[in-house]
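Structure at a glance
These are the residues of each chain, in order.
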Amino acid sequence: MTTPTSSHKRLIILGSGPAGLTAAIYTARANLSPVLIHGPLPGGQLTTTTEVENFPGFPDGVMGPDLMAQMEKQAARFGTDIKVETITDADLRSRPFTLRTSGTTYTCDALIVATGATAKLLGLPSEKALMGYGVSTCATCDGAFFRNKIIMVSGGGDSACEEANFLTRFGSKVYLVHRRDTLRASKIMQDRLQKNPKVEVLWNSEIQEVLGSKQQGVTGVKLFNNKTKETHEVKTDSLFVAIGHSPTSQLFKNQLEMDENGYIITRPNSSTTNIPGVFVCGDVQDHVYRQAVTAAGSGCMAAIDCERWLETQGH
Ligand code: NAP
């Protein structure tokens, strides 16, 4: 049996999306020797997207994973210590703050939380059972498995439209299933979708069950039309769920103030929280903008707030 180790750091940053990595770049350049801890999938949500066309400085676009790899390289260049570990417990009630993994207990004077958000699911038992067997939340990761097959995407926002368009590179046909008769997505995304001959939108439709088995994979879905009240089956080889995200904030429940959806509350125009010394940035505190560039901007705010706070504390 291995003995748990203990290690004290001045600053720990949790998360390696644009918010966490920008906080790392700034705090490393300020000689705060940050330790950045991320889970098994580095880079956050941008690593599951394809081309990013709206991050300033890339007039021809940039692939999400490439952008994140560049940010990580930049953070490492200034001395960020990047660790891959899963934090299982956080205690922010006493100082220094404590973060535990299965093998290590970290303490730190200041903490920047940039844990992001994760994909929401429909909540169907069949969706859970067939996850990885035809059901996916990541078009970039899994789209290529469905070359010349029928693909279905669930959702009506920008994510769903973007994924549906992207997946037409692979699928023989792409259904977009939406529960209402208008899309939530931006006009430009809707236009692209409507111009794509491979996409068919199934309006007013709710997925009741994903059909198939682990042996066969997904074979279809049972759809309920909430206008006609009829249920019917549609054949598909896959289901990509793209219905939004939930903030990754469970570790801090009952410690950091959150709204009813679990987004951590920061003080207006700052990254500060109800606990001095804990700063929050990126999608875990932002349900409004949720863009790579706003996440990066809030990471910079957290770094500057943190640096100033550490100075006042004499740490
Ligand atoms: P979103 O805007 O919250 O849209 C979620 C969609 O899923 C909505 O159409 C919603 O239906 C549907 N939905 C939610 N829960 C559902 C359920 N249980 N069953 C069936 N359908 C359900 O999420 P998003 O598309 O992930 O976008 C999030 C943010 O990121 C937005 O601000 C978006 O603009 C941005 N984004 C931008 C880009 C880009 O610019 N390239 C790409 C992706 C995302 P209703 O419409 O009926 O509520």
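To keep things clear, this report deals only with the structure shown in the data block. (Residues numbered from 1 in each chain as written. Predicted model: local features only at pLDDT ≥ 70, side-chain atom pairs only at ≥ 80, totals over all residues. Heavy atoms only, no water.)

1. A closer look at the side chain of Ser136
Within the fold, Ser136 resides in strand 10 (residues 135–136). For Ser136, a relative accessible area of 2% gives the class buried. At 2.9 Å, the side chain of Ser136 and the backbone nitrogen of Cys138 are in polar contact. Not counting chain neighbours up to four residues away, the residues in contact with Ser136 comprise Met131, Asp142, Leu239, Phe240 and Val241. (Helix = DSSP H or I, 4+ residues; strand = E, 2+ residues; numbered from the N terminus. Buried < 20%, exposed > 50% of the residue type's maximum accessible area, 1.4 Å probe, protein only. Polar contact = N/O pair within 3.5 Å; in protein donor to acceptor, adjacent residues only side chain to side chain. Contact = heavy atoms within 4.5 Å.)

2. A closer look at the packing of helix 1 (residues 18–29) against helix 2 (residues 64–77)
Between helix 1 and helix 2, the shortest axis-to-axis distance is 8 Å and the interhelical angle comes to 25°. Considered as vectors, helix 1 and helix 2 are oriented roughly parallel to each other. Crossing hand, helix 1 versus helix 2: left-handed. Where helix 1 abuts helix 2, its residues Pro18, Leu21, Ala24, Ile25 and Ala28 lie against Met68, Met71, Glu72, Gln74 and Ala75. Here the residues of the contact of helix 1 with helix 2 are counted per class, giving eight nonpolar, one polar and one charged. (Axes fitted to C-alpha atoms, helices over the stretch in contact; angles between N-to-C directions. Parallel < 35°, antiparallel > 145°, perpendicular 65-115°, else oblique. Left-handed = near helix turned anticlockwise from the far one by under 90°. Nonpolar A, V, L, I, M, F, W, Y, C, P; charged D, E, K, R; others polar.)

3. Observations regarding the sheet that holds strand 11 (residues 150–154)
Read across the open sheet, the five strands follow the order 10-17-11-12-13; overall the sheet is parallel. At either margin of the open sheet sits one strand with a lone partner, and together these are strand 10 and strand 13 (199–202). Looking at chain direction, strand 11 and strand 17 (residues 239–241) are connected through three bridges and run parallel. The residue of strand 17 that forms the bridge with Ser154 is Val241. (Pairing = 2+ DSSP bridges.)

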